[in-house]
Amino acid sequence: MNNLIESTVEFVKEKLKGAEAGHDWFHIERVWKLSKKIAETENCNQEVVELSALLHDIADPKFHGGDETIALKVSREFLENQNASEDTIEQVLFIIKNISFKNRGEVPQNLPIELKVVQDADRLDAIGAIGVARTFNFGGFKNNLMYHPDIEPKLNMSKEEYKKSDGTTINHFYEKLLLLKGFMNTEKGKEIAEERHNFMLQFLDQFYKEWNVS
Ligand code: ADP
Ligand code: NI
């Protein structure tokens, strides 16, 4: 591991002390590992990928009272102190600013491959068995219902139907998790997503089966 990556690991671990379980250091570590795995299959700048994976949730406005500029400033300051090149800093900041699912509509075209790699890795950590676990962890934290038997969530719900089913943890699969496979950028990402997506479908089948005692 080069020195810059090593000191970034320490920086991020420190920053995320006490973070909630969905976005803690272990989420970052999984995304970092997945990013490296995907990066091996693409022609891209490995260091930019790794730094962006490590720093990507530092910039989450959720943790800064909705202000993502603070986090970008903090990341810049850190990278400058580590003597990272201006070129590297700019690439990394662009990625962590634009990676979020929520910003999807606003992201410019012709995204750098390094962003695509880290975005795939971040989305992959939201699906599959880990995705199921993170989602129920989040729902539990919010004290949401797991599921409501009067409501049958499905893909492509009308606004009315969505309103009714909104708020249950099972609904989150239909509003987001089952869509993520279709947003994968890289071939490797698509391949890993396929397996994780199928696992979620299997999970939902089994969930309904047990719920209905059928
Ligand atoms: P990200 O940081 O990956 O953009 P979020 O911060 O929206 O995603 O969510 C973090 C985790 O919590 C993810 O695994 C996501 O699927 C889950 N989550 C987000 N919103 C909900 C919800 N309404 N119900 C259940 N889980 C949710
Ligand atoms: Ni993330």
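It should be noted that the structure appears before, not after, this text.
Here the structure is a predicted model, which is why all the values come from computation and not from measurement.

Rules and cut-offs
- Residues numbered from 1 in each chain as written.
- Chains lettered and ligands numbered in written order.
- Predicted model: local features only at pLDDT ≥ 70, side-chain atom pairs only at ≥ 80, totals over all residues.
- Helix = DSSP H or I, 4+ residues; strand = E, 2+ residues; numbered from the N terminus.
- Buried ≥ 20, exposed ≤ 12 C-beta atoms within 10 Å, placed from the backbone.
- Contact = placed C-beta atoms within 7 Å.
- Core = buried A, V, L, I, M, F, W, Y, C linked by C-beta atoms within 7 Å.
- Domains from an automatic or database assignment.

Asker: Got a minute to help me understand the overall build of the protein in this structure?
Answerer: When helices and strands are counted, the protein shows ten helices and zero strands. Secondary structure elements in the protein, listed N-terminal to C-terminal, are α-α-α-α-α-α-α-α-α-α. Taking all 214 residues of the protein together, 33% fall into the buried category. Residue pairs in contact within the protein that sit at least 24 positions apart in sequence constitute 61% of those at least 6 positions apart.

Asker: How should I be thinking about the nonpolar core in this particular structure?
Answerer: Side chains of a nonpolar character, in soluble globular proteins, are inclined to be buried together. One finds Val92, Val118 and Ala121 to be the most contacted residues of the largest nonpolar core, which totals 40 residues. Elements that contribute at least two residues to this core include exactly helix 2 (25–39), helix 3 (46–55), helix 4 (68–81), helix 5 (86–98), helix 6 (113–124), helix 9 (169–175) and helix 10 (187–211). A domain-level breakdown of this core finds at least three residues from each of domain 1 (1–99) and domain 2 (126–214). Leaving out residues up to four positions away in the same chain, Ala121 has contacts with Val31, Leu34, Ser35, Ile38 and Ala53.

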